[in-house]
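Coordinate inspection notes
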Amino acid sequence: MAKDTLSNAAIILSVIAIIGVAALFLSGRGGVQTITVQASGVAYGFADQATMYIYANGTGQTAALANANLTATTSAVNNAVMQYLNGNASLIQTQSYNVFKTKIQSCSGSVCTNRTAYQATQTILVTIPSILNASGAVASLAVIPSININGVSQKISAAMYARLLNDSLSDAVQNATSQAKALAGSDYYVSIMNITTQSVPIFYGLAASSAAPQNSTYFVGRTGVSRSIIAVFRMNPR
């Protein structure tokens, strides 16, 4: 998994804006001086997983034959992608399944007729744990007849999601603390009394980067997450 500059303060601070107005005031309890700061933080990362939707079908003169042909196709799909799933079969999920009558055109020379047959279809969702294996999985599936790959998308793993949330929150706290120190001046040091998150995290895509994962045909854009907080700091005389 490629590592982006989630902890690189120099880059992060260049894109962070302190979006609120800090207020210095005396509280009503014991004359405690506090500073309230509204600030935001951001963290970046690359999607580390991929998902693909596969449409498989099988036909036959009876429903049983159509289903048997579909089973052979889905078995081929499983064998093709399993090497990219670390042996975890739970990453292959059936999204839909259907069997129905259909018409198949059969031609002999210049004479074509439509005959009744059965078709069995299945939509399969495959999650690739490492996005670097997406290209290989597509290549392995491409040789299987009776399937279509309907889409390949990037995905952030649960671990990456948690990391982005934590790092963006930590950066927001760091920015709020820096602002509070500047407002307090050299005669005081500050300590956090309370932090409130203002809203749900905001995720957004970014343009291509030279730090994108190597050996992958897909997903060279970064993902960023921004969080905003309101922090209250106590002013303590030095």
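This structure is a prediction, so every number in the text was calculated from the model and none was measured. (Residues numbered from 1 in each chain as written. Predicted model: local features only at pLDDT ≥ 70, side-chain atom pairs only at ≥ 80, totals over all residues. Heavy atoms only, no water.)

Looking at the chain, the pLDDT average stands at 82 and 80% of residues meet or exceed 70. At the low end of the mean pLDDT range in the chain sits helix H1 (residues 9–15), at 33; at the high end sits helix H2 (residues 63–82), at 96. Confidence drops under a pLDDT of 50 for residues 1–29, and excluding neighbours within four residues, the segment shows 59 contacts in the predicted structure. (pLDDT = per-residue confidence, 0-100. Helix = DSSP H or I, 4+ residues; strand = E, 2+ residues; numbered from the N terminus. Contact = heavy atoms within 4.5 Å.)

Attention shifts here to the state of the cysteines. What the rule picks out here adds up to 1 disulfide. The disulfide partner of Cys107 is Cys112, and the S-S distance across this bridge is 1.9 Å. For the disulfide bridge between Cys107 and Cys112, the dihedral angle about the S-S bond is near 110°, and by the sign convention the bridge is right-handed. Given a relative accessible area of 45%, Cys107 falls into the partly exposed group. Owing to a relative accessible area of 39%, Cys112 belongs among the partly exposed residues under this scheme. (Disulfide = S-S within 2.5 Å. Buried < 20%, exposed > 50% of the residue type's maximum accessible area, 1.4 Å probe, protein only.)

Each α-helix turn comprises 3.6 residues. Residues three or four places apart therefore point the same way. For helix H4 (residues 158–184), with 27 residues, the first-to-last C-alpha span of 39 Å sits near the 39 Å given by 1.5 Å per residue. Three or more residues of H4 are buried, namely Met160, Leu164, Leu165, Ser168, Asp171, Ala172, Asn175, Ala176, Thr177, Ala180 and Ala184. Trailing H4 by a residue or two, Gly185 shows a phi angle of about 80°, which is positive. (Expected span 1.5 Å × (residues − 1).)

Moving on to the sheet that holds strand E4 (residues 92–108). Reading across the sheet, the 4 strands line up as E4-E5-E3-E6 and stay open at both edges, with antiparallel pairing between neighbours. For this open sheet the edge positions go to E4 and strand E6 (147–155), each flanked by a neighbour on one side alone. Strand-to-strand twist of the sheet, defined as the mean angle between neighbouring strand axes without regard to direction, takes the value 20°. Bridge count between strand E3 (residues 49–60) and E6: 8 bridges; the pairing is antiparallel. Note that in E6 the partner of Thr51 across the bridge is Ser153. Along the sheet, helix H3 (residues 134–141) contacts E3, strand E5 (111–128) and E6; its crossing angle with E3, the most-contacted strand, is approximately 10°. (Pairing = 2+ DSSP bridges. Axes fitted to C-alpha atoms, helices over the stretch in contact; angles between N-to-C directions.)

This part takes up the nonpolar core. One finds Met52, Ile54, Val77, Val126, Ile128, Leu141 and Ile147 to be the most contacted residues of the largest nonpolar core, which totals 24 residues. Elements with a contribution of two residues or more to this core: E3, H2, E5 and H3. Top contributing element to this core by residue count: H2, with 5 residues. If we ignore the near neighbours within four places in the chain, the residues touching Met52 are Ile124, Leu125, Val126, Ile128, Ala134, Ala137, Val138, Leu141, Gly151 and Val152. The next biggest cluster of nonpolar side chains, apart from the first, holds 12 residues, and it includes Ala39, Ala172, Ala184 and Val190. (Core = buried A, V, L, I, M, F, W, Y, C linked by side-chain atoms within 4.5 Å.)

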